[in-house]
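One letter stands for each residue in the lines below.
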Number of protein chains: 2
Amino acid sequence: MLSTTEKSDVMEKIGSRRVFSFADAFKLFEDDDSEMKDYLGGKGAGLAQMTASGVNVPPGLTILTLSCREYSKSLSGSSSGSVKMPEKLMQEVFEELTQIEKQLDRRLGDLEKPLLLSVRSGAKFSMPGMMDTILNLGLNDKTVEALARSTENERFAYDSYRRFIQMYSNVVLGVAKDELEYILEDKKESLGIKYDADLKAADLKDLVKKFETRVKELTGTNFPQDVKEQLTGAIEAVFKSWNNNRAVYYRNLHKIDHNLGTAVNVQSMVFGNFDNDSATGVCFTRNPSTGEKVLYGEYLVKAQGEDVVAGVRTPHKIDKLKEEMPQVYEELLSNVERLEKHYRDMQDIEFTVERGKLYLLQTRTGKRTAACAVKVAVDLCQEGIISEDEALLRVDAGQLNQLLLPSFREEDKRAAKESGRHLATGLNASPGASIGQVVFDPTEAEQLAGKGEKVILVRVETCPDDIHGIVAAQGVITSRGGMTSHAAVVARGMGKPCVAGCEQLKIDMANQQFHVGAKCVKKGDTVSIDGTTGEIFEGAIETHDPAFSGEFSTLLSWADRRRRLLIRTNADTPADAKLAREFGAQGIGLCRTEHMFMSQDRLPVVQTMIMSGNRQDRIVALDKLLPMQKQDFIGIFEAMDGLPVTIRLLDPPLHEFLPDLEGLIEEIATSKARGESGADLKRKEALLQTVESMQESNPMMGLRGCRLGLLYPEITEMQVEAIFEAAIDVAGRGIKVLPEIMIPLVGHVNELKVARQELESVAMTVMKKAGVEIDYKFGTMIEIPRACLTANKIAEHAEFFSFGTNDLTQMTFGYSRDDAEGKFLHRYLDGVDTEDGEKVKILQENPFEVLDFEGVGKLMKMAVEYGQSTKPDIKLGICGEHGGEPQSIAFADSLGLNYVSCSPYRVPVARLAAAQASVLADSGNAGLIKADSR
Amino acid sequence: MLSTTEKSDVMEKIGSRRVFSFADAFKLFEDDDSEMKDYLGGKGAGLAQMTASGVNVPPGLTILTLSCREYSKSLSGSSSGSVKMPEKLMQEVFEELTQIEKQLDRRLGDLEKPLLLSVRSGAKFSMPGMMDTILNLGLNDKTVEALARSTENERFAYDSYRRFIQMYSNVVLGVAKDELEYILEDKKESLGIKYDADLKAADLKDLVKKFETRVKELTGTNFPQDVKEQLTGAIEAVFKSWNNNRAVYYRNLHKIDHNLGTAVNVQSMVFGNFDNDSATGVCFTRNPSTGEKVLYGEYLVKAQGEDVVAGVRTPHKIDKLKEEMPQVYEELLSNVERLEKHYRDMQDIEFTVERGKLYLLQTRTGKRTAACAVKVAVDLCQEGIISEDEALLRVDAGQLNQLLLPSFREEDKRAAKESGRHLATGLNASPGASIGQVVFDPTEAEQLAGKGEKVILVRVETCPDDIHGIVAAQGVITSRGGMTSHAAVVARGMGKPCVAGCEQLKIDMANQQFHVGAKCVKKGDTVSIDGTTGEIFEGAIETHDPAFSGEFSTLLSWADRRRRLLIRTNADTPADAKLAREFGAQGIGLCRTEHMFMSQDRLPVVQTMIMSGNRQDRIVALDKLLPMQKQDFIGIFEAMDGLPVTIRLLDPPLHEFLPDLEGLIEEIATSKARGESGADLKRKEALLQTVESMQESNPMMGLRGCRLGLLYPEITEMQVEAIFEAAIDVAGRGIKVLPEIMIPLVGHVNELKVARQELESVAMTVMKKAGVEIDYKFGTMIEIPRACLTANKIAEHAEFFSFGTNDLTQMTFGYSRDDAEGKFLHRYLDGVDTEDGEKVKILQENPFEVLDFEGVGKLMKMAVEYGQSTKPDIKLGICGEHGGEPQSIAFADSLGLNYVSCSPYRVPVARLAAAQASVLADSGNAGLIKADSR
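Residues numbered from 1 in each chain as written. Chains lettered and ligands numbered in written order. Predicted model: local features only at pLDDT ≥ 70, side-chain atom pairs only at ≥ 80, totals over all residues. Heavy atoms only, no water.

What about the overall build of chain A?
Argument step 1. Across its full length, chain A holds 37 helices and 33 strands.
Argument step 2. With respect to the principal axes defined by its C-alpha atoms, chain A has extents near 105 × 65 × 60 Å.
Argument step 3. Counting the 934 residues in chain A, one finds 57% classified as buried.
Argument step 4. Pairs at least 24 apart in sequence give 70% of the contacts found in chain A among residues at least 6 apart. (Helix = DSSP H or I, 4+ residues; strand = E, 2+ residues; numbered from the N terminus. Buried < 20%, exposed > 50% of the residue type's maximum accessible area, 1.4 Å probe, protein only. Contact = heavy atoms within 4.5 Å.)

Listed below in C-alpha cells is the structure:
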C-alpha cells in the first residue's frame, strides 16, 4: 500500500495554515522530496521546486493535501452528503492570491487587467486524468471583454470563455458534457463548418449566450459571474474528484492509500499568443539524440502551446530566439541551466513568453536515446553535478546493447511503414538490423555470400544442417519456432539479427518465394529485417553502424570499479570468445559443445555414431570427432588465455542431430506409393526406424544432459579427453588455461557423483600420460527444480553451480518455452478475456526474459543456501539468458552469486547492470528486487 | 551411520567377562533387543532368545563383540600387524565349553564321543556372507574315526573331515581355496565321476591324506590335530574377518560403523543323519498359504538339512512325524508354540532330531501370502498375542490388492514357463490376470465380447478411439507406451489387467498377428496375461477369483478406526465410483472429465469443437456436449450420495482428441503420389493443418490444464454448468451432493484467481436460475513446482489443494514419464555401467511409484506450510498415483494431509497403509519416512 503518515514535526511547522505560495511551500520542506510530495502532491512539489530554483514560473499557490483529507472527513461525517467549503480555507486562499495579483499587476475579476487562473489537482502519486482540472477561471461576461481588449484578440477571448463555461459547468455544476457539446455541434452544422477553429468571434459570442441559457435551464441558476464563487467551486470540485469512481478504481488497481487526498494548485495563466512579444516553445537542456551540451528545441511567436505540438505553423529552431528576443533567450539559457542543476539531469522544458516576459510552465526529465543517456550521465558527473554512482544509475542498462549493433533510424522505418513496405512482424529473436536478398536454400546462401552478396536466409525453421547458411547470411527469418528455436539461439550466439516464428509468412519452398497477405516476395528480392523489434520490410532501409563514444568506455570503466559480480560470456567459438573479451568478459560461463557437433563436416560422423548399435561402433565414430573437438577447445583456450572457461558437456537429445521424422515419413510414403523399392528406400526405412526409436513425447524432459553421458559414457569421455588434450597443448605454449567442466541437467546427487568419478578419471589419465597438471574444476548446471531442493548433497561433488535459468524456468512453471510463447504465453502477458469484457494479465513479465523472483528465484535462493551450507566457497553463477537481463542481474547480485554469463553483445549491459545492482544494494534498495523470502 | 556406544550400566554388569552361554547371554540383556544385538550380534541374540524361550537349541556360547573390538585395537596397535589371541579370553571359552560338554555328554577331541563345533561370526547388522564360518571343528585324524563309529557312517565322517580341512585351511591357515579344490577335482576326474556325492568313503579318506600333505607343503606345518588350537585359530579368524576387504566394502556401502566388531558364536553340532532315530526338517507354525493354525512342514529321517532342500528324497509331511516319532512330535509342537509366542509371529523353523532328541537350529519369521498375512495378523491379535496396532503393521499393505483381483497360481505359471509357453514380459501397467483370444481391432473386440467371447485386445498403442474395445476386452496388451500411456491409465481405472510397452511383440496389423521371437500368435489364439507382473503366456492359465475372508474385513475395520487420513478414490464413471465406495472410499478425490470426452459418440462433437475457428462455433458444439456431461455427473453424484466429489476440469492438450499427425502425413503423401486429388484430399489437408498448428514440442508443458480454460473459457464454463445442473438435479431428489471443482495445472495465483472468478459466476447463475443452493468448493491441483513455491498466494483463492504428484514428480525431476521409463529410468534403477565394470544405481526407487520425499516431498512440505499460513483450515490431499502407495501414504500422513485418493482397487491398500502410518507416527517412527526438512 503506497501510503503516508502525518509527521508531528512537519505538522508543527504547518500549524493551522493550509495554503502556501509556490515559493513558501518549498521552504517548508527544504529538500525532502518525498515529504514534500506528501503534503504538496507531485505537481505542487514540482512547481515549488521550480520556483525555488529561481526560474520564472507563473506564480500560484498550493492547498495542502491535508485540506482534502479534512474536507473528505467532514463530508463523510455529514448526513446530507454535502458540506460548505470551510470559510477559513477560502480566506487563506484569497489572502495568498492578493500576493500573486500584486506580483503580476493583474487582479481576479478586474475589468482592465483580469487575472486568469488554472485550478489543478495533484496527489502524491501521479493519477493521470483521474481527477479534474479547470482552466481560464476568472472569466465572466465582463472580464472576457477586458481579455479581448488586452490581447487584441476577441476570438481568443471568447473561445477561452466558452471553453471555461463548458469545463466549469461539467466539473463544478454537474452538467452532463453532452448538453453543451450538442449546442456546439448544432452551431457548426448550421454554419456548415467542420472544425472548432473555423468558428469566428461572433459565433463564439453567440455560443457563450446559448451555453449560459442552457446552464440556467439545467441548474436553475445563472452561470456564476462572481469570480470568487468560481474559485471556491473549482477548489471544492477538485476535492470531490479525489473520490470519484475512476479515481477510486485507479487507486485500488495501483494499491494507493485512499486516505492520501489531493493537493490543489491554483496558478496564474500566461498567454504566449498575447502579442508579437509573446511566444511559446519547448526545449531540451541538451541534445536528446547525442547528449551534446547545447540548448535544443523550437518555438513559435504569438502562439499557444498547442500550436507547437499541432504543427500548424512550422516552428523556429531555438537558436533563432537569440536573434528575435535576445534578452528572453539569455534568460531562458540561465533558467534552463538552473533547472538542470536543480534536478541534476537533462530537462525537457515548456516555456511561454508573455509580453516579453519569460515563464517556465513545466519541466521534466527528458527522454533520450541510449547514446545520449550515456553521454549525459558521464558529462553530468564530470561537470560535478552527479556522482559516479548516480551516473551509473542514469543509464538504462537494457538499452545499452543498442549501441553495439547496427540499427535502422526510427524515421526511416516510419517512412517505410507509411509507404506500405512493412511486411510482417515476428518474434524479435536476435537483435540488430540488416539488409539482403532473400534466399531459401542455405547452400545457395553460402555461394552468394562467397561472391560478396548480402543475403537473408528464409526458412520454415532451421536445423543443424543449415548452419553454413546462417553463418553466411546477414540475418535469418523463420516462420516457425520460438525464442529458443535453433535459428534464434544460433543467431543470438553470432550477434546476427533474426526474426523467428513469423507465422504470417507462408513460405512456398517449391517456388522459392513467400507470401504475406496479398504480397509475394521472391528469391533475390531485397528485404530489411530488424531483429530488435521483429519487423520485416520490403526493400532496403539504411543501417547505421554503432559508434562507441569515449563516454561509453568511461561509464563502463566506472561500472567495472563498482560492480561485485563478475561478467562472463556464453561463447562456443574462438571468434565469439574474442569478441566477448573485447566487450569486457572475464571468462566463459557457458561453452556449449553441441554446436560443435553440428557443423556440416562433423554431422555425418555424429549421425554414424548415433546410429551405431553398440559401444564399440560408437567409439570408432567418436575417435574421428576427438581431434576436431580438441581443435575447438584449443582455439577457445587461446582466446581466453588466463580466464576460466566453463565447458558444458553434450546436452541436447541425440535425435536433434538426425533428420526430421515427419519429412522422412512423407518421403517414404511417397516413394512407396510410386511403387519404388530398392536400396534407397531400405536405407530410408532403416533411418526411419532409428529416428522413430529415438522419438520422445517431451524431449525437453527426456534422454538428454547428464542422462546421455551416464548411458553412453563414451561420448562425454571423448569430450573430456579433448578438453584436457587441448588444455595440455596450449599450456605447453605458455597459455594459462582454467577449464571448468560442467555436467548438465543433474537432478540427483548420484548423477553428478557417478559422472564426475568417471570423467575425472579420464582427465587424470590424460594428464598423467602427458605429465602435465592442469588447474581444473568440475561442477554442474542447476536447472532442475530437484537440484535446487537437494543442493546440499549435490554440492558435495561440485566445485561450482551454474544456474541454467532457462530450463529451471521451464520446469518451475511447467512451460515448454517453444510451445508456450506461441500458444499461450503471449495471451498471459497481453491479458486473457473475461466475462465482463476486460482483459486481465496473468503474468506481468515474460519469465523467460525477466527472472521470476517469486518462484524460480525462491528455488535459486534455496540452492545457494543449501550449496553454501555444504561448501561455503562454492562458485556460483548464472548461464541462462537471464544472465544478460538487468533485473535478473540485480537479483543475482542480491543472492550473492559470483558471476553472470551472457552472450557477447550483452556483456556491456551486464557490466553496467551489475554495477547498478551494487549501487542500489549499498543504498539499501536491493530489497526491491529480492525474492519473497518467507 | 549405523553405530552403537558402550553403555556404562551394561558394562558394569558385564565386567571383565567376555564369554556367555546362550542362556546366560539372554539374562544379561533381558528384553532389550537392540542392546542385546549390540553385544551379542544378531545371530547370538537369536540363539540366546531361542534358548531362553525354553526350546532345545544345540548348546553353545557367544563371545561378545567387545572382544572383537579389543582384538582389532590391539592389532592396530601392534607394529608387526599380528598379536597373540588373549589367553584370558580362550580360558573363558574353554571353561564355558566344559558346561556344554557336560550337558551333551560329549567332549571336544574325545575319542569316543567327540564334540563337534561350529564357529560363526555375527555382527549387530546382518552382513550376509561377508565374514567367515567354520563347521565340524573338533575333527582330527582320530576323532573322525570316533565319528564314523558313532554314526555308523564312515563316508559321512570323512566327508565332514575333508570339508573341515578345506574350510579351516582356507579361512584360518590362509591356503588359497584352489589349492585343495584342484586336488578334489583331480580325484574325481581320475575316478571318472562328476559329483562330490559319488565319492566313496575310501576316496574321501585318501583325499584327507592328500589335503594334509598339501597343507604341510604350503604352510610348513602339519594340519592342526590339537582341537583347542583349532578352536583358538577359528575364533581369531572370525575376529580378523571383520576387517577383510569385502566386509569393509559392505559396511561402507551400507554406512555401518567400522568400530562395531563382530561377536563369535561357538555351537555344538548335531546330526540328523546319525541313525534311524535321527531326522531333520523344516516347519511353519501356521499354514503359510492360508494362515490356518496348523503345524505345516516336512522332514526326512536319517538325513541332513541339505537333503530336505535338495529334494534328493521325497520328504514326509510333518503329520507323519506324529506316527514315526510321537514324542518328538509332541516336543516339536510345544517348542514351536513357545517360539511363536516368544517371537509373536508365525515362525519358519529348522529342526534336527539326533538320536531321538529334538534340537531347533534356527527360527525366523515365516514368509507368507497376502491372504495368510491377513489371517495370521488377525488371529494373533484375537489370540491375545499381539495388539491391534501390531496386527495392522504385520500386513504388507502393498500386497493387499492381490486379494481383490483375479490371479494365476504361481505353480501354474511355473508350469507354463517350463513348457515354454511364456511369450514375453512387458510393463505391469495394470494388475490382475485374465485369459482371452487375441483381437487386434477394438470394434471386433466389442462384437466378440457381445457374443460372450473373452478377448484380449492387442494394439501397438491405444487411443481414445479404442475405448469401446478396451471396455469389451478382458485385458489389454500394447507394444508401445509406458505406465501412463492411454491403455495403462484406462485399464487401471477399470481394474482390468494391462501389459503395456511390450516391445518384444512385433505386431503385424495387416496380417492380424504378432511375432515374438520365433513364435507367431494369430487372431483368435488364446493368451493369458498377468498385469501384476507384466507376463504374457500362450494358451490358457486358470485364473482364481479373490476370496474376501472375514479376517480381511476385520483388519480393515481396525484400520479404519486407527487411521487419521481419509481415503478417497480416483473415479471417472458411476461404476467405478460405486466399486470404490464398496471398497471403503470416502469420496472422490479425482474425477477426470477428459475421459468423458473420449467416448465414441462424443469424440466427433469434441473434434468439431476443437476445429472451430471461433468462440461462437465452439459454443455450438459445446452445447451438444453439455447434456451428456450433465448425465455423467448425475450418475457419479448418485453413486457418491453424501460424500464429496472432486471434479477436475479439462486437463489434456486438445490435440489428444485429434488424429495422429504422422498417420495423416503418410496418408496425404500416399494420396498425392498416386495422383489423387479432390474433396477427400482437401479435407485431409485441412485436418492436417489443424493438427499441425496444435502440434507441440513438449505437450506435457504446453497448452493444457487451466491454460486451456483461460484461453477458451467456454469449455470449462460448459463443464461447470453441467456440474451444477447435475448437482441441482440430484439434490432435488434428496441426494446429498458435495461438488469440489478442481482447476488443474495452476502455477501462478492469477491463473486460479481469474479462472475461479469466471467459473464461480457461472455456478452462481445456474444456482440462481434454479433457486437452489449447492454446497460447493473451488480448489486447485498442486502439480507445478511454482505452485508449491507460491502456495501462500494460491491459497487465497483455493479451499483445497490436491497434490498431483505425477506431474509434480515429472517437473521436479525434469523427467517426462512416458520417455523416461523406456529411455533411461530403468537404467537408473538397475544401475549404469562404470569404468570398473560395476553397475551403480542412480536411483533407489522409481519416483513415479514411490514418492521422492527428498525432492518432491520438500516442495510438498513447503506447499502445505505456505498454504496453511494463508488458510489454516485448507483441505489437503493427494490425487496422483502415489495416493495408493504405502510409503507415499505414510509421507502424506506425516505432512498432515486430510486425504489420499487412489484407484478403486487400491482403496483397501490405502486404508491399511494410512492406519500403519498412524501407528508408526504414534510410536515415534514416522521420522523414518519424513522428508529431509533442513
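Moving on from the model shown.
Re the sheet that holds strand β34 (residues 875-878) of chain B
All names here are of chain B.
Argument step 1. The strand order around the closed barrel built from eight strands is β26-β27-β28-β29-β30-β31-β34-β35, with neighbouring strands paired in parallel fashion. Adjacent strand axes in the sheet meet at a mean angle of 25° when their direction is disregarded.
Argument step 2. Bridge count between strand β29 (residues 738-743) and strand β30 (residues 777-782): four bridges; the pairing is parallel. Looking at β30, one finds that E740 is bridged to K777.
Argument step 3. Against the sheet, helix α35 (residues 856-870) makes contact with β30, β31 (800-803) and β34, and its axis sits at roughly 175° relative to β31, the strand it touches most.
Argument step 4. Each of β26 (566-570) and β35 (899-902) is contacted by helix α37 (residues 907-922), which is oriented at about 155° to β26, the strand it contacts most. (Pairing = 2+ DSSP bridges. Axes fitted to C-alpha atoms, helices over the stretch in contact; angles between N-to-C directions.)

Description of the interface of chain A and chain B
As a measure of interface size, the accessible area lost when the parts come together is often cited.
Argument step 1. Contact residues are listed per partner, giving 67 residues for chain A and 67 residues for chain B.
Argument step 2. Each partner contributes to the roughly 6300 Å² buried at the junction of chain A and chain B, and carbon and sulfur atoms together form 55% of this total.
Argument step 3. At the boundary of chain A and chain B, one finds six salt bridges.
Argument step 4. The salt bridge partner of K793 of chain A is E854 of chain B, with a shortest N-O separation of 2.4 Å.
Argument step 5. Looking at side-chain class alone, the side of chain A that touches chain B contains 28 nonpolar, 18 polar and 21 charged residues. (Buried area = accessible area lost by both parts, 1.4 Å probe. Salt bridge = Lys/Arg side-chain N within 4 Å of Asp/Glu carboxyl O. Nonpolar A, V, L, I, M, F, W, Y, C, P; charged D, E, K, R; others polar.)

Examining helix α24 (residues 603-611) of chain B
Residue and element names in this part refer to chain B.
Argument step 1. Buried residues of α24: L603, V605, V606, M609 and I610, and no others. Burial along α24 is one-sided: seen end-on, the buried residues are contained in an arc of 160°.
Argument step 2. Considering only its buried residues, α24 is in contact with α23 (594-597), α25 (615-639), α27 (679-694) and α29 (713-731). (Arc of directions from axis to C-beta.)

Overview of the relation of the copies chain A and chain B
Argument step 1. For these two chains of identical sequence, chain A goes onto chain B by a turn of 179° and a shift of 0.2 Å along the axis, with RMSD 0.4 Å. The relationship between the two copies is best expressed as a two-fold rotation axis.
Argument step 2. A high fraction, 100%, of the interface residues of chain A reappear at the interface in chain B, so the copies pair face to face through one surface. (Least-squares fit on C-alpha atoms with pLDDT ≥ 70 in both.)

A word on the packing of aromatic side chains
Each aromatic ring pair is summarised here by two numbers: the centre-to-centre distance and the angle between the ring planes.
All names here are of chain A.
Argument step 1. Tallied over the full model, the rule gives 36 aromatic pairs over all chains.
Argument step 2. Ring geometry for Y71 against F239: centres 5.4 Å apart, planes inclined by 35°, an arrangement best described as tilted. Placement of the pair is Y71 in helix α4 (residues 65-77) and F239 in helix α10 (residues 227-241), with a sequence separation of 168 residues.
Argument step 3. In this structure F239 comes out as buried when scored by relative accessible area, which is 1%.
Argument step 4. A centroid spacing of 5.9 Å and a plane angle of 45° characterise the contact between F597 and F657, whose relative ring orientation is tilted. Of this pair, F597 sits in helix α23 (residues 594-597) while F657 is found in the loop between β26 (644-648) and α26 (661-673), placing the two residues 60 residues apart along the sequence.
Argument step 5. The ring of F94 carries the charged tip of K228 above its face, separated from the ring centre by 4.6 Å.
Argument step 6. In this structure, R251 packs its charged tip against the face of W242, placed 3.7 Å from the ring centre. (Phe/Tyr/Trp six-rings, centres within 6.5 Å; stacked < 30°, edge-to-face > 60°. Lys NZ or Arg CZ within 6 Å of the ring centre and 35° of its normal.)

Focus on the side chain of D257 of chain A
All names here are of chain A.
Argument step 1. Within the fold, D257 resides in the loop between α11 (245-253) and β5 (262-268).
Argument step 2. R251 provides the closest opposite charge to the buried, salt-bridge-free D257, at an N-O distance of 7.1 Å.
Argument step 3. Only 2.8 Å separates the side chain of D257 from the backbone nitrogen of N259, close enough to count as a polar contact. (Lys, Arg positive; Asp, Glu negative; His and termini not counted. Polar contact = N/O pair within 3.5 Å; in protein donor to acceptor, adjacent residues only side chain to side chain.)

Looking at helix α18 (residues 442-450) of chain A
All names here are of chain A.
Argument step 1. For α18, the complete set of buried residues consists of P442, E444, A445 and L448. Taken around the axis of α18, the buried residues stretch over an arc of 155°, which confines them to a single face.
Argument step 2. For α18, the secondary structure elements touched by its buried residues are β14 (433-439), β15 (455-459) and α19 (467-472).
Argument step 3. A distance of 3.1 Å separates the backbone nitrogen of T443 from a side-chain oxygen at the start of α18, and that oxygen is part of D441.
Argument step 4. Directly after α18, the chain includes G452, whose backbone phi takes a positive value near 85°.

Considerations on the environment of L116 of chain A
All names here are of chain A.
Argument step 1. As for its placement among the helices and strands, L116 is situated in the loop between α5 (87-104) and β3 (117-123).
Argument step 2. Classification of L116 by relative accessible area gives buried; the value is 2%.
Argument step 3. Placed 140 residues apart in sequence, L116 and I256 show a C-alpha to C-alpha distance of 33 Å.
Argument step 4. Excluding anything up to four places from it in sequence, L116 contacts N136, L137, G138, L139, L147, Q267, S268, M269 and F271.

A word on the pairing of strand β16 (residues 475-478) of chain A
Along any regular strand, the residues point their side chains to alternate faces of the sheet.
Residues and elements named next belong to chain A.
Argument step 1. The alternating pattern of β16 places G475 and I477 and V476 and T478 on opposite faces, both of which are buried.
Argument step 2. With four bridges connecting them, β15 and β16 associate as parallel partners. When the bridges of β16 are listed, L457 appears paired with V476.
Argument step 3. Across two bridges, β16 lies against strand β17 (residues 498-500) in parallel orientation. Note that in β17 the partner of I477 across the bridge is V499.

Topic: the side chain of Q719 of chain B
Residue and element names in this part refer to chain B.
Argument step 1. In this structure, Q719 sits in helix α29.
Argument step 2. Of the polar contacts made by the side chain of Q719, one reaches the side chain of T593; its length is 3.0 Å.
Argument step 3. There is a polar contact of 2.8 Å between the side chain of Q719 and the backbone nitrogen of L650.
Argument step 4. Ignoring anything within four residues of it in the chain, the contact list for Q719 reads T593, F597, Q629, F633, L649 and L650.

Description of the packing of α5 of chain A against α10 of chain A
All names here are of chain A.
Argument step 1. Remark: α5 packs on α10, axes separated minimally by 11 Å, with the N-to-C direction vectors making an angle of 120°. As summarised for this structure, α5 and α10 are arranged oblique, according to the angle between their axes. Once α5 is placed against α10, the crossing between them reads as right-handed. On the side of α5, the interface is formed by L89, M90, V93, F94 and L97, while α10 contributes K228, L231, T232, I235 and F239.
Argument step 2. Its residues assigned to classes, the contact of α5 with α10 comprises eight nonpolar, one polar and one charged. (Parallel < 35°, antiparallel > 145°, perpendicular 65-115°, else oblique. Left-handed = near helix turned anticlockwise from the far one by under 90°.)

Topic: the nonpolar core
Argument step 1. F637, F724 and Y828 of chain A together with F637, F724 and Y828 of chain B are the most contacted members of the largest nonpolar core, which totals 313 residues.
Argument step 2. Apart from the residues within four sequence positions on either side, F724 of chain B is in contact with I741, A763, V766, M767, I774 and Y776 of chain B.
Argument step 3. Listed in part, the 64 residues of the second largest apolar core include V19, M90, M127 and Y158 of chain B. (Core = buried A, V, L, I, M, F, W, Y, C linked by side-chain atoms within 4.5 Å.)

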